[in-house]
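Below, each chain spelled out in residue letters.
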Amino acid sequence: MGSRGMDAWGTDSTSAGLRESSDSWGADANQVNAALPQRAGASLFAHPDAFYRALVDAAVDAIIVIDAKGVIQLFSGSAERLFGYAAAEVLGRNVSVLMPEPMAHEHDGYVQAFIRSRQPHVIGRGRNVVGLKKNGDTFPMHLSVGHVAQGEDHAFVGICHDLTDYHEALMMIAHEKARFRDVVQNQKELIVRLDPDFRITFANASFHHTLALDEGAAHGTYFFEGALGETQGHQQELRALFDSDAPERVFLKIRMRQGSAHKSVEWFFKRTETDAYGPELQGFGIDVSDRDRAIDESNYVKSHDRLTGLHNRQGLKRAFSSVRHTNGQWAVVYLDCNRFDLFNHRYGLRHGDAFLCVLADALKAHVTEHHAGVCGRLSDDDFIAVIPFAEKVDLDRSLESLIQDVGAPKSIEAGPVFSPSLSVGVSVYPDHGSDLDELMHRAGAALRYGKAQSETVMFYSDMIGQRASRAMDIEQGLKAALIEHGLDIFVQPKVDLKTGRCVGFESLLRWGFQGEPVSPAEFIPVAEMSNLGRLLDRYVLEAVANGIARIRRVLPDYDLPVAVNITAGHFSEQNLKTFIQHVLEDRGLDARLLEVEITEGVVINITEQINRNLLGLQAMGIHISIDDFGTGYSSLSYLKKLPVNALKIDKSFIDDISHQNGLKLVEAIVSISQAMNLQVIAEGVESQGQVDLLLAMGCQVGQGYHFSRPFPIDQIPAYLARQA
């Protein structure tokens, strides 16, 4: 390749003298040719220069031959494609044209140093370098260099392999590895790998962060060392994953230690195996501590009263179901704070709520201190205590101390001192039932019955149960009767005691339930207690108006009023007057055809709204009467300020009119009524003797069996015809 007739391939034309140094390019061309198979007609091998040219150009890697001065003597076709030069552009030029700085500047020095020292740095070895394309781009390549020497002449053969794709692949792999590691490390889920001894071989950042560990501290540690509670069962399930018939995956919930606290983690594990690590368990965990805490808080809210913190109905049932088998007998004590609504009215709801909390604390303290029982709040001032007992005498003492503790005077901060008055109903498990709902219902029935009898403590009995069942049956029957129009309107005449002439009627409600008549004295109190009183009043008002309308179609001149009794609760409604007005107008009736009767309960608890209703009805032309006068908290003083037209003396007073005391009482009522210009109506008149006494007193109107028994409203025309 020096000055002795080197051709473009970088080999001597008399190359038999060349000797190989460290690369196959040192072989004599004739020797190579002689080694080729000699076959008849093998003309291709008769021209070795052409064969070598074809061989070089067919190589995938670029082949470049330079002389000792670094001048390019051969530039293969692959080199042209790699560097972007045509061979004619680089032959005769220094090979540094294919190198970026500083390699280009230093290259010739490396060649000369090798020729002098024969100490190879690149020769016979390969290394990764940077090439320079014609367009100025650099690229990575692998360079292998061979040395050929003949005498003082030296030639160097370079084989250049383009590493661009390889480097890009490496960069992509490195990028994907970094990306995968970033994904794993930044996953919210906890990720671990465990060897067959449950030692941690990998744990991501979330594992360390969640369990408050220093980065990398988990590696090599025993996985269950950080678990709380019994773990034997968990270990058996995970060990099964290494068996040949292992399940596909295992789900576990483990409490993991986090310093002095703990985290609840839901794990699922599956088996994995690699050549590097052998069989392992891959675990993915989710920190569910917040979720569990939220569930616990939700369950607490669902099972506890928000105001007092005591159990609510659901919580009581759950608590009772867990303790009822620990003792033979349990008393379900239903406590009610009598007339606590007055406290709210007097001091306001804020103080009322605060006082209920004080009451609840006293109840809880008593039950906790004296009994292994439970307690709760059902609603408003209704509380439940469920306490164990051995003998009835023990229960009596427990109830006495309970009432004493809970009923003791109590105060709230910056508030009043209040001594609650308690009423208590008691049912017993298992004598009165096994279900707490049933036991509380029966204790409540005993409470209501006891309050009606003015008893502080009342135990449930079959009699109370029958009364409660009867009241429930009546309530449900009434609801159905109101929907199905199963209630009938009867009337009883009101008669002028002097003339015997009918001056009006009182409507009376009649109901047949389960094949038997039910007295209004039984079903009307049930209606009022179950909030059916308003519906019952409206039913009667519409039925009476319909009846009067039918009568007027038969008797166009009919003008006698029919009285309807309105319950106390309904009389407090703002739209009562409007409703009555619509009922009359829809049927074309004059307001004077309707009278309204109210009980003493209305006037004793009179409010501004009740007074407005009374005045409004009177303004329409409707007369107002006080019914059953004298049976309630009678006080004649309120009569002077009430907008009423008449009062009805209760039958119980008329029954005693033949006795001196009864006579004087009725005389007093009649005298005061006359003084206030009120009409007096005597109820329950059953004899002519009573009529005579009432007339003598100045009573104007009577009503009772002496004149007529009640009859259906549609029979009024027939009754009036008989009277005529």
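For every chain, the first residue of its written sequence is number 1, and the numbers climb from 1 along that sequence. The model is predicted, so local features are restricted to residues of pLDDT at least 70 and side-chain atom pairs to those at 80 or more, both for listing and for counting; the totals for chains, interfaces and linings are taken over all residues. Note: side-chain values were computed over all heavy atoms of the structure, leaving out hydrogens and water.

Take the nonpolar core next. Core analysis: the biggest nonpolar cluster contains 77 residues, and F505 and F571 have the highest contact counts within it. Per the convention used, a helix needs a DSSP run of H or I reaching at least four residues, while a strand needs a run of E reaching at least two, with both numbered from the N terminus. For this core, the leading source of residues is helix α17 (residues 533–554), giving 10 residues. Judged by nonpolar contacts, the second largest core, of 28 residues, contains L310, L335, L363 and A385. To define a nonpolar core, start from buried Ala, Val, Leu, Ile, Met, Phe, Trp, Tyr and Cys residues and group those joined through side-chain atoms within 4.5 Å. Each residue is assigned to one of three classes by its accessible area relative to the maximum for its type, calculated with a 1.4 Å probe on protein chains only: buried under 20%, partly exposed between the two thresholds, exposed over 50%.

The side chains of a regular strand alternate between the sheet's two faces. For strand β21 (residues 502–513), the tally of buried residues reaches 9 of 12 residues, placing the bulk of the element in the interior. Strand direction decides the pairing type here: strand β20 (residues 487–496) and β21, joined by 9 bridges, are antiparallel. Bridge pairing links K494 to G504 in β21. Paired strands, in this sense, are two strands between which DSSP finds at least two bridges. What sits between β20 and β21 in their antiparallel hairpin is a turn of 5 residues, with G500 showing a positive phi close to 75°. Where β21 lies against strand β23 (residues 562–565), 2 bridges are found, and the strand directions are parallel. Bridge pairing links E506 to A563 in β23. Between β21 and the antiparallel strand that follows it, strand β22 (residues 516–518), lie 2 residues; Q514 among them carries a positive phi value of about 55°.

Before going further, it helps to spend a moment on the pattern of salt bridges. Opposite charge on two side chains makes pairing possible when the charged atoms of those side chains draw close. Salt bridge, as used here, is a side-chain nitrogen of Lys or Arg placed within 4 Å of a carboxyl oxygen of Asp or Glu. Counted under the stated rule, the structure contains 29 salt bridges. A salt bridge links R193 to E280, with the nearest nitrogen and oxygen atoms 3.5 Å apart. Here E280 lies in strand β12 (residues 278–287) and R193 lies in strand β7 (residues 190–194), a separation of 87 residues in the sequence. By relative accessible area, R193 is classed as partly exposed at 22%. With a closest N to O distance of 3.5 Å, D287 and K263 form a salt bridge. Here D287, found in strand β12, pairs with K263, found in strand β11 (residues 261–274); they are 24 residues apart in sequence, far enough to count as distant.

This paragraph deals with helix α22 (residues 660–675). Each residue after the first adds 1.5 Å to the expected span of a helix. For α22, with 16 residues, the first-to-last C-alpha span of 22 Å sits near the 22 Å given by 1.5 Å per residue. All of the buried residues in α22 are G662, L663, V666, I669, V670 and S673. Summarising the axial view, the buried residues of α22 lie within an arc of 130°, below the 170-degree limit, and thus occupy one face. Seen from the open side of α22, the exposed residues pointing more than 90 degrees away from its buried face are N661 and A675. Turning to α22, the residues buried within the fold contact β25 (623–629), β26 (646–649), α21 (651–655), β27 (679–683) and α23 (688–697). It is the directions from the helix axis to the C-beta atoms that the arc portrays. The contact rule is simple, with two residues in contact once any of their heavy atoms fall within 4.5 Å.

Think of it this way: a Phe, Tyr or Trp ring, Trp meaning its six-membered ring, pairs with another when their centres are within 6.5 Å, and the plane angle makes it stacked under 30 degrees, edge-to-face over 60, tilted otherwise. Tallying each qualifying case throughout the model produces 21 aromatic pairs. With 6.1 Å between their ring centres and 90° between their planes, F320 and W330 make a pair best called edge-to-face. In this pair, F320 is assigned in helix α10 (residues 313–323) and W330 in strand β13 (residues 329–337), connecting sequence segments 10 residues apart. Residue class for F320 comes out buried when judged on its relative accessible area of 2%. For W330, a relative accessible area of 1% corresponds to the buried category. Aromatic pair F320 and Y429: ring centres 5.5 Å apart, planes at 90°, arrangement edge-to-face. Placement of F320 in helix α10 and of Y429 in strand β18 (residues 422–429) is noted, with a sequence separation of 109 residues between them.

Close inspection of predicted coordinates is inappropriate for parts of the model with low pLDDT. pLDDT is a residue-level measure of predictor confidence that goes from 0 to 100. With 87% of its residues at a pLDDT of 70 or more, the chain shows a mean pLDDT of 83. Segment residues 1–42: pLDDT under 50, and 73 contacts once partners within four positions in sequence are set aside and those in other chains are kept.

For Q73, the position within the fold is in strand β3 (residues 72–75). When its relative accessible area of 18% is taken as the criterion, Q73 is described as buried. Here the side chain of Q73 touches D67 through a polar contact of 3.2 Å, side chain to side chain. Pairing of N or O atoms within 3.5 Å defines a polar contact, subject to two protein rules: one partner must be a possible hydrogen donor and the other a possible acceptor, and residues neighboring in sequence count only if both atoms are side-chain atoms.

So, about the sheet that holds strand β9 (residues 227–228). Read across the open sheet, the 6 strands follow the order β8-β7-β12-β11-β10-β9; overall the sheet is antiparallel. Bordering the open sheet on either side are β8 (200–203) and β9, each of which pairs with just one other strand. The pairing of strand β10 (residues 250–258) with β11 spans 9 bridges and is antiparallel. By the bridge assignment, Q258 is partnered in β11 with A261. Angular values range over 0 to 180 degrees, each being the angle between N-to-C directions of two axes fitted as lines to C-alpha atoms, with helices fitted over their stretch in contact. Packing against the sheet, helix α8 (residues 232–239) makes contact with β10, β11 and β12, and its axis sits at approximately 135° to β10.

The 5 strands are arranged β14-β15-β13-β18-β19 in an open sheet whose pairing can be described as mixed. On the outer flanks of this sheet lie β14 (374–379) and β19 (457–459), each paired with one strand and no other. Within the sheet, the average angular offset between the axes of one strand and its neighbour, ignoring direction, is 25°. Relative to β19, β18 is paired through 3 bridges, and the arrangement is parallel.

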